[in-house]
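A look at the structure
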2 protein chains.
Amino acid sequence: MKRHIVTQLRSVLIIGIASAAFYYAQAQSVEQDQRMIERIFVQSLSDDSAYDWLRYLTQNIGGRLSGSVQAEQAVAYTYEQLKSLKLDRVEKQPVMVPKWVRGPKEYAYFETEPGKTTNVPVCALGGSIATPGLGIKAEVIEVKGLSGLAELSDEQVKGKIVFFNEPMDPKLIETFSAYGKAGSQRTSGPAAAARKGAVAVIVRSLNLALDDYPHTGVTQYGDLPKKQWIPAAAISTNAAELLSSVLQLNPKTKFYLKQASENRGEVLSHNVIGEIKGSEFPDEIITIGGHLDSWDLGSGAHDDGAGCVQSMGVLALFQQLGYQPKRTIRAVMFMNEENGLKGGMEYAAQAVKKGEKHVMALESDAGGFTPRGFGFTAQDTQWAQIKSWSSLFEPYLIDSFKRGGGGADIGPLAPHYPKMVLAGLKPDSQRYFIHHHAANDTFEHINKRELDLGTAAMASLIYLFDQYGVQP
Amino acid sequence: MKRHIVTQLRSVLIIGIASAAFYYAQAQSVEQDQRMIERIFVQSLSDDSAYDWLRYLTQNIGGRLSGSVQAEQAVAYTYEQLKSLKLDRVEKQPVMVPKWVRGPKEYAYFETEPGKTTNVPVCALGGSIATPGLGIKAEVIEVKGLSGLAELSDEQVKGKIVFFNEPMDPKLIETFSAYGKAGSQRTSGPAAAARKGAVAVIVRSLNLALDDYPHTGVTQYGDLPKKQWIPAAAISTNAAELLSSVLQLNPKTKFYLKQASENRGEVLSHNVIGEIKGSEFPDEIITIGGHLDSWDLGSGAHDDGAGCVQSMGVLALFQQLGYQPKRTIRAVMFMNEENGLKGGMEYAAQAVKKGEKHVMALESDAGGFTPRGFGFTAQDTQWAQIKSWSSLFEPYLIDSFKRGGGGADIGPLAPHYPKMVLAGLKPDSQRYFIHHHAANDTFEHINKRELDLGTAAMASLIYLFDQYGVQP
């Protein structure tokens, strides 16, 4: 009996010591993580790299549409800048991308009676064909989104210009949800209208504010035979409101559109990749990225110069802080997110071909605004671990960790690596769609601190995944 | 025995029913609150009132320094707008305020050698006296904040222009903390330098960004005899960096400052008050407010036109939604927050004089940016209740509820009502100090959605305090 008690006591003692050691180790590692994350934020907020790279990308290079001279300049520039970081590997990954050109400035007006015209701020949608050289003039039929079009007979649409005028829903707090809802009229509206016999399409800009900027963005003709394709353009939200009022007064109002945009087949471009090799698990790859291409109207500051320089910034921070990751960390500037996603698809294809092991990927493609948290696509067990990290981000007000999320460019990895974690940085979304795909997506609308907080948040998350790995 | 069991059973049943009823009532009220708050946000995001008021205040009236014509125009305008809301009571509350005028544009340069000058963006600090008509030219001694000055002997300072050049600390995530740290060199630096024999003071603008805007703000001579007062001005952050470099190369560099600012005694102005009378507890007063006065360089959009129109907006939302508060809700546009706080002090003095019962006050004076939450000054028991409401704000990403907070204008109520709750709206603070007290605090830097989210957050919080009262 006595011996039994002693044994029991010993067990209790051992368990006690073991637990104490466990809790001590845990507490120590939480403290270590807190300290490392603080170092990351302090360094990021005092460093100019990301902001200076973005200034160059936007002000010295400008809009970087796939296949353009500027896109190739951006490839060369980011490649050189990554080289200067003394990484373990820097690479230009070849990828064929579509080349679409806008041509001379578009021109549009509406005409309430012959000779009485009002000019309208307009831009061709990406991928759209040109109008005939002299333009198209036709009566307008206004609809609210794709469902509005579906209610019309072919007879009602035939020979007309369809005007998609569904506003983004101001009630949705996360503006990306409103973009998702109203966006289909831009991506699929022109093809749908063409099938009903429309001669052209104009779309209300996907912008939550009322202003004079037309917002471009891709439209897809899908499997519509090429000879049925019709030109499609976006008009500013102010113009959309005005045109809608005018149509109520005079349904016979005509709209004139002239544009010379053109699809020019595919050309060679590149993803740009910089890598720090892992010291313990070099075969486990963590990808961070943004897309290097942008629309041509502005200079791609928020969309997505910010995501590129933040991804490069994570590697720069690790180098500056002397942090040697255990796993391989790769920053990827993807090409052609806007009108093809060819960069993301090629990156995934090459990963599979080389038998790489991808465990986690993080994309920043929602603007360079104050970060609020991350969205994650992860298994339940992975999620428990990830969620437990959110408190480490509370001091920085970036602790909104939610399930669901990722990014367009890292998406093509997912089917090949079903157990990998995908994540997207979630910045404050209120201002994003004022600038998105428009001429005012420019450097002066970037706040250095907001950009740097995003870089620091990304680096901190990557640090945690690097330290603790991704549960298989 | 059997009877006992029945009694027991009955008790269990009664308790069960009572608990069920209690939980049902609770669940119902949570659902009711969720619904009401959703209605508030939907209404606010679809309404233009606050944004339109702010456009008028900033673009039609402009900067509204206490005692200026514009400040009086703002009093008249907000009074009329509150009248148009059909409230129960609208009042102009008289208050004497200091009148300080900037005079003609200030002028400054530094001179590395005779005749070799570089112009510097400069503005007089609020309350500062003028230089002599021909200006002041003297050697410069640079110090880091008040502690830097304290290290110098009077001999080192005598006859010189003291250059306070402590930057705001970029490492602090909440930028108001950095403002608090570096701010004392502006408010107290000139008086401290005067005591050591300085002839003038220039202060690095309290701005986290490097740019060319000088930022004004109040300075206080305190009990320094008037004949010892010296002129004080702010220079832009870029100029401060440049001057600091130049002084390292040539410590004999001279600085020239000319300004004609002037204190002109006190004049009559007003707080503007609009009130909805409570239906059940009309004597319990809840105050919401911002300050109507602003510095003169910009047009007081973020500081604090935003807080005024948000406060008016709360009353407008309640009216639009047909919400009849149980308690009396008052929106107050305080006068003279920037250079005297006379409006806040008079409001408190009148409250005490009239024997009013103030239970809660909320101020918005931290910019019209995306709201992140609130700070509260409250007793422990009150805090438990308040904290429990934060989850209602999660869907709107405004759930950072922290202890500590209030506002300058509502502060004077506190000593008289020790049990009242004070709260301050906490918007995202990253961009605020780029605009604060500078010429670029203008309407185009306000985002309508961000402003409206703040109004909705305030209205939702006030709704909860109105429904559940404030624990005594």
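Residues numbered from 1 in each chain as written. Chains lettered and ligands numbered in written order. Predicted model: local features only at pLDDT ≥ 70, side-chain atom pairs only at ≥ 80, totals over all residues. Heavy atoms only, no water.

1. A few points about the overall build of chain A
In terms of helices and strands, chain A carries 13 helices and 16 strands. With the C-alpha coordinates aligned to their principal axes, the bounding extent of chain A is approximately 105 × 50 × 40 Å. Within chain A, contacts between residues at least 6 apart in sequence are counted, and of these 82% link residues at least 24 apart. (Helix = DSSP H or I, 4+ residues; strand = E, 2+ residues; numbered from the N terminus. Contact = heavy atoms within 4.5 Å.)

2. A few points about helix H9 (residues 301-320) of chain A
All names here are of chain A. If you check H9, its first and last C-alpha atoms are just 25 Å apart, much less than what 20 residues at 1.5 Å a residue would give, namely 28 Å. By the criterion of burial, H9 is predominantly enclosed, with 18 of the 20 residues buried. Following H9 by one or two positions, Gly322 has its phi on the positive side, about 65°. (Expected span 1.5 Å × (residues − 1). Buried < 20%, exposed > 50% of the residue type's maximum accessible area, 1.4 Å probe, protein only.)

3. Some points on the pattern of salt bridges
Note on pairing: side chains with opposite charge can pair once their charged atoms come close. Residues and elements named next belong to chain A. Taken as a whole, this structure holds 50 salt bridges over all chains when the rule is applied. Asp48 serves as the salt-bridge partner of Lys448, at 3.5 Å between the closest nitrogen and oxygen. One end of the pair, Lys448, is in helix H13 (residues 448-468); the other, Asp48, is in the loop between helix H1 (2-46) and helix H2 (49-61), and 400 residues separate them in sequence. The class of Asp48 is partly exposed, set by a relative accessible area of 38%. Here the residues in one salt-bridge network are Arg89, Glu91, Glu275, Arg330 and Glu356, joined through shared partners. (Salt bridge = Lys/Arg side-chain N within 4 Å of Asp/Glu carboxyl O.)

4. Comments concerning the side chain of B:Gln310
Residues and elements named next belong to chain B. Its location among the elements puts Gln310 in helix H9 (residues 301-320). When its relative accessible area of 0% is taken as the criterion, Gln310 is described as buried. Sequence-distant contacts of Gln310, that is, excluding residues within four places in its chain, are made with Ser364, Leu425, Leu451, Gly454, Thr455 and Met458.

5. Let's talk about the interface of chain A and chain B
With 29 residues of chain A at the interface, the matching set in chain B holds 29 residues. Carbon and sulfur atoms supply 53% of the area buried between chain A and chain B, which totals about 2,500 Å² over both sides. Of all residues in chain A, the largest losses of buried area upon contact with chain B belong to A:Ile173, A:Arg431 and A:Arg449, amounting jointly to 29% of the total for that side. Summed over the shared surface of chain A and chain B, the number is two salt bridges. Note that B:Glu450 is salt-bridged to A:Arg431, the shortest N-O span being 2.8 Å. The interface formed by chain A and chain B contains 14 residue pairs in polar contact (both at pLDDT 80 or more). Sorting the residues of the side of chain A that touches chain B by element identifies H1, strand E14 (371-377), strand E15 (400-403) and H13 of chain A as the ones contributing at least two each. When residues of the side of chain A that touches chain B are assigned to their parent elements, the largest contribution, four residues, is made by H1(A). Considering only residue class, the side of chain A that touches chain B consists of 14 nonpolar, seven polar and eight charged. (Buried area = accessible area lost by both parts, 1.4 Å probe. Polar contact = N/O pair within 3.5 Å; in protein donor to acceptor, adjacent residues only side chain to side chain. Nonpolar A, V, L, I, M, F, W, Y, C, P; charged D, E, K, R; others polar.)

6. Side note on the pairing of strand E8 (residues 232-235) of chain B
Residue and element names in this part refer to chain B. Going residue by residue along E8, you find Ala232 and Ala234 tucked away on one face and Ala233 and Ile235 tucked away on the opposite face as well. Bridge count between strand E4 (residues 122-124) and E8: three bridges; the pairing is antiparallel. Bridge assignment links Ala124 to a residue of E8, and that residue is Ala233. Where strand E7 (residues 200-204) lies against E8, four bridges are found, and the strand directions are parallel. (Pairing = 2+ DSSP bridges.)

7. Quick look at the relation of the copies chain A and chain B
For the pair chain A and chain B, the relating rotation is 180°, the translation along its axis is 0.0 Å, and the fit reaches an RMSD of 0.0 Å. Accordingly, the operation relating the two chain copies is best matched by a two-fold axis. Comparing interface residues between copies, 100% of those in chain A also lie at the interface in chain B; the contact surface is shared. (Least-squares fit on C-alpha atoms with pLDDT ≥ 70 in both.)

8. Examining the packing of helix H2 (residues 49-61) of chain B against H9(B)
Residues and elements named next belong to chain B. Where H2 meets H9, the axes come as close as 8 Å, and the angle between the chain directions of the two elements is 145°. H2 and H9 meet at a crossing whose hand is right-handed. Counting all contacts with H2, which are made through Ser49, Ala50, Trp53, Leu54, Leu57 and Thr58, the residues of H9 involved are Ala301, Gly305, Ala306, Val309, Met312, Gly313, Ala316 and Gln320. For the contact of H2 with H9, a count of residues per class yields nine nonpolar, five polar and no charged. (Axes fitted to C-alpha atoms, helices over the stretch in contact; angles between N-to-C directions. Left-handed = near helix turned anticlockwise from the far one by under 90°.)

9. A look at the pairing of E15(A)
Residue and element names in this part refer to chain A. Bridging between E14 and E15 involves four bridges; their strand directions are parallel. Each bridged residue has a counterpart across the sheet, and for Gly373 the counterpart in E15 is Ser400. Read from E14 through helix H11 (residues 380-388) to E15, the crossover connection turns out right-handed. (Right-handed = clockwise from strand over helix to strand, strands pointing away.)

10. Topic: helix H10 (residues 342-353) of chain B
All names here are of chain B. The first and last C-alpha atoms of H10 sit 16 Å apart over 12 residues, in line with the 16 Å expected at 1.5 Å per residue. Taken residue by residue, H10 has Gly343, Gly344, Tyr347, Ala348, Gln350 and Ala351 as its buried positions. Taken down its axis, H10 places every buried residue within 165° of arc, on the same side. If you follow the buried residues of H10, they end up packed against strand E1 (89-101), strand E10 (262-276), strand E11 (281-291), strand E12 (327-334) and strand E13 (357-363). Gly355 sits one or two positions beyond H10 and adopts a positive phi of about 65°. (Arc of directions from axis to C-beta.)

11. Structural notes on the sheet that holds E8(B)
All names here are of chain B. Within the open sheet, the eight strands sit side by side as E3-E2-E9-E5-E6-E7-E8-E4. Their pairing is mixed. On the outer flanks of this sheet lie strand E3 (116-119) and E4, each paired with one strand and no other. Across the sheet, the mean angle from the axis of one strand to that of its neighbour is 30°, orientation sign disregarded. Pairing analysis gives five bridges linking strand E2 (residues 107-113) to strand E9 (residues 254-258), with the strands arranged antiparallel. Bridge pairing links Phe110 to Phe255 in E9.

12. Description of the sheet that holds strand E6 (residues 161-164) of chain A
Residue and element names in this part refer to chain A. The sheet built from eight strands is open, its strands ordered E3-E2-E9-E5-E6-E7-E8-E4 with mixed pairing. Only two strands of the sheet have a single partner each, and these edge strands are strand E3 (116-119) and strand E4 (122-124). If you compare each strand with its neighbour and ignore which way they point, the axes differ by 30° on average.

13. Re the domain arrangement of chain A
Residues and elements named next belong to chain A. On domain assignment, one finds that chain A holds domain 1 (43-100 + 265-468) and domain 2 (104-260). Computed over C-alpha atoms, the centres of domain 1 and domain 2 are 33 Å apart. Each partner contributes to the interface: domain 1 provides 18 residues, whereas domain 2 provides 24 residues. Summing both sides of the interface, domain 1 and domain 2 together bury roughly 1,600 Å²; the carbon and sulfur share of this comes to 65%. On the surface where domain 1 and domain 2 come into contact, there are one salt bridge. Ionic pairing is found between Glu174 and Lys426, a salt bridge with its closest N-O pair at 3.8 Å. Taken together, the links from domain 1 to domain 2 amount to five residue pairs in polar contact (both at pLDDT 80 or more). Broken down by element, the residue count for the side of domain 1 that touches domain 2 peaks at four residues, all from helix H12 (residues 432-435). (Domains from an automatic or database assignment.)

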